[in-house]
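Given next are the chains, with one letter for each unit.
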Amino acid sequence: MNSNVMPTYNRKPVTFVRGDGVYLYDDKGNKYLDALCGLAVTSLGHSHPIISKIIKDQSQTLLHTSNAFIIEHQELLAKRLCQLTGMDNAFFCNSGAESVEAAIKIARKYGHERGYSNPKIVVMSNSFHGRTMGAMSATSNKNSHESFGPIIEGLIRVNFNNIDDIKNAITSNSDIAAVLLEPIQGEGGIISCDISYLQELDRLCKENNILLMADEVQSGFCRTGKWFSYQHFDIIPDVVMVAKALGNGVPVGACLARSEAANILKAGMHGSTFGGNYLSTSVGLTVLDIMRDSQLCMNVKHISNAMKRATDAELKSLNVVSEIRIYGMMIGIELKSNCTELVVKALEKGLVLNVTKEKVIRLLPPLICKEEHILKIVAIIKQLITENYEN
Ligand SMILES: *Cc1c(COP(=O)(O)O)cnc(C)c1O
């Protein structure tokens, strides 16, 4: 097909026209179980009636005024997000990458206030933080750095989950303003750091006046069985980035900060035209209400256990499966060989999934899934693996 859309995506040959709960429907009437959620976005399922209603109602009341005026929903959503994260305030934007950009600006200005002329941010191997210039620079991707360089200055790259690397970085640089990481890496293949690592990192940051900044864009909002993944590690970062599931499909993001980090950006220092408008913040509030009222994290723990049992029983013993990593509803099934072809083959069987890092089947199922959906997902994956790889 001759498309006028810039070819920045490798698109699968399917056109979805409708979604309902955990299911998607294409233009030919085929039904699919959605084990991807538009990349950890539609955690509450498609066409959620309460979310549809707030979108309709808000659109008939007020959509947008600009941040030149007080926006009540934004105040309320900020309060709720702060209660949930332990942060003190929020900057609203429209995407994950933008929330990372805000965090980078906070880190740099914090560094300048400490008198560092060239403040550094420590970033991790195997990380992903988005596609804008700063976020792309912080992301560990040699190809995009080569294609779009020069990347931003002042980044120190260390190995994820390696505490000695951090210690060395701190010893050899006296101007580190922040450490940025995903406690559980998503695009990187669903890889968690160790509890001891993040706790020690937190301690080192406090000792050296370094901001600890957690990118929760993928892992936030009950995805791992807690509101935010860092809560599994018993630490509280200084800056938290969120987006994806907060709007269940309506673009909204936020960069949250506490204590000193919350007092860095002052009037005129950062902004966004759309950020935190009436539509996105009223939807965000509704999403948080639904997640709280339905005790969504409890369901995630339940279906995550079901996933563990099912993958243990059906997939673990397959020769081509090298490792299965499950954190709530962030699931990585690593194979010994390249399996990118499985995305299209899964679609043919009515399942939407993703492959990352070429060898990792990544599942981000809706958090409203029931055990029966989990069993169905695992059954189809077992078929896919046994039909396509030697065992
Ligand atoms: C998706 C993602 C981002 C980027 O979010 P966008 O909304 O695509 O800009 C940043 N960080 C993490 C961890 C992500 O998974």
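Thresholds applied
- Residues numbered from 1 in each chain as written.
- Predicted model: local features only at pLDDT ≥ 70, side-chain atom pairs only at ≥ 80, totals over all residues.
- Heavy atoms only, no water.
- Pairing = 2+ DSSP bridges.
- Helix = DSSP H or I, 4+ residues; strand = E, 2+ residues; numbered from the N terminus.
- Axes fitted to C-alpha atoms, helices over the stretch in contact; angles between N-to-C directions.
- Contact = heavy atoms within 4.5 Å.
- Near = heavy atom within 4 Å.
- Polar contact = N/O pair within 3.5 Å; in protein donor to acceptor, adjacent residues only side chain to side chain.
- Areas by Shrake-Rupley, 256 points an atom, 1.4 Å probe, with all protein chains shown as cover.
- Nonpolar A, V, L, I, M, F, W, Y, C, P; charged D, E, K, R; others polar.
- Disulfide = S-S within 2.5 Å.
- Core = buried A, V, L, I, M, F, W, Y, C linked by side-chain atoms within 4.5 Å.
- Buried < 20%, exposed > 50% of the residue type's maximum accessible area, 1.4 Å probe, protein only.
- Left-handed = near helix turned anticlockwise from the far one by under 90°.

> Tell me about the sheet that holds strand β13 (residues 321-327), and name the residues and values.
Across a sheet, paired strands are connected by hydrogen bonds in the backbone, their directions being either parallel or antiparallel. On the basis of which strands lie adjacent, the open sheet formed by four strands has the order β13-β14-β17-β16 and antiparallel pairing. With partners counted over all chains shown, the strands left at the sheet margins are β13 and β16 (354-356), one partner each. Adjacent strand axes in the sheet meet at a mean angle of 25° when their direction is disregarded. The pairing of β16 with strand β17 (residues 360-363) spans three bridges and is classified as antiparallel. From the neighbouring strand, T356 faces β17, where its bridge partner is V360. Here helix α12 (residues 371-388) sits on the sheet in contact with β13, β14 (330-335) and β17, set at roughly 160° to β17.

> Which residues make up the site of the ligand, and what values do they have?
Around the ligand lies a shell formed by S95, G96, A97, F128, H129, G130, E182, D215, V217, Q218 and K244. A distance of 2.8 Å separates an oxygen atom of the ligand from a polar atom in the backbone of G96. A97 is positioned with one of its backbone polar atoms (N or O) 2.7 Å from an oxygen atom of the ligand. Against a free-state accessible area of 380 Å², the protein chains account for coverage of 82% of the ligand. Split by residue class, the shell around the ligand holds three nonpolar, five polar and three charged.

> I'd like a rundown of the state of the cysteines, residues and numbers included.
Counted by the stated rule, this structure contains zero disulfides. Lacking any disulfide linkage, C255 is separated from the closest cysteine sulfur, that of C93, by 7.4 Å.

> Break down the sheet that holds strand β4 (residues 89-93) for me, citing the residues and quoting the values.
Spatially, β4-β12-β11-β10-β7-β5-β6 is the arrangement adopted by the seven strands of the open sheet, whose pairing is mixed. In the strand order of this sheet, the two ends are held by β4 and β6 (155-158), each with one partner. Averaged over all pairs of adjacent strands, the angle between their axes in this sheet comes to 20°, without regard to strand direction.

> Give a detailed account of the side chain of H129, specifying residues and quantitative values.
Take H129: it is sitting in the loop between β5 (120-124) and α5 (133-138). Discounting residues that sit within four places of it in the chain, H129 has contacts with A97, V100, A135, A138, T139, L180, L181, E182 and D215.

> Pulling in residues and values, what's your account of the nonpolar core?
Ranked by internal contacts, the top residues of the largest apolar core, which has 88 residues, are I166, L201, F221, L335, I361, L363 and I381. Formed by 27 residues, the second largest nonpolar core is a distinct cluster that contains I104, L211, A257 and A262.

> Mind laying out the packing of helix α3 (residues 72-85) against helix α9 (residues 278-293), listing which residues take part and the relevant values?
Running from N to C, α3 and α9 cross one another at 40°; their axes reach a closest spacing of 9 Å. The chirality of how α3 crosses α9 is left-handed. Together, H73, Q74, L76, L77, R80, L81 and L84 of α3 and Y278, T281, S282, G284, L285, L288, D289 and R292 of α9 make up the contact between the two elements. In the contact of α3 with α9, the residues fall into seven nonpolar, five polar and three charged.

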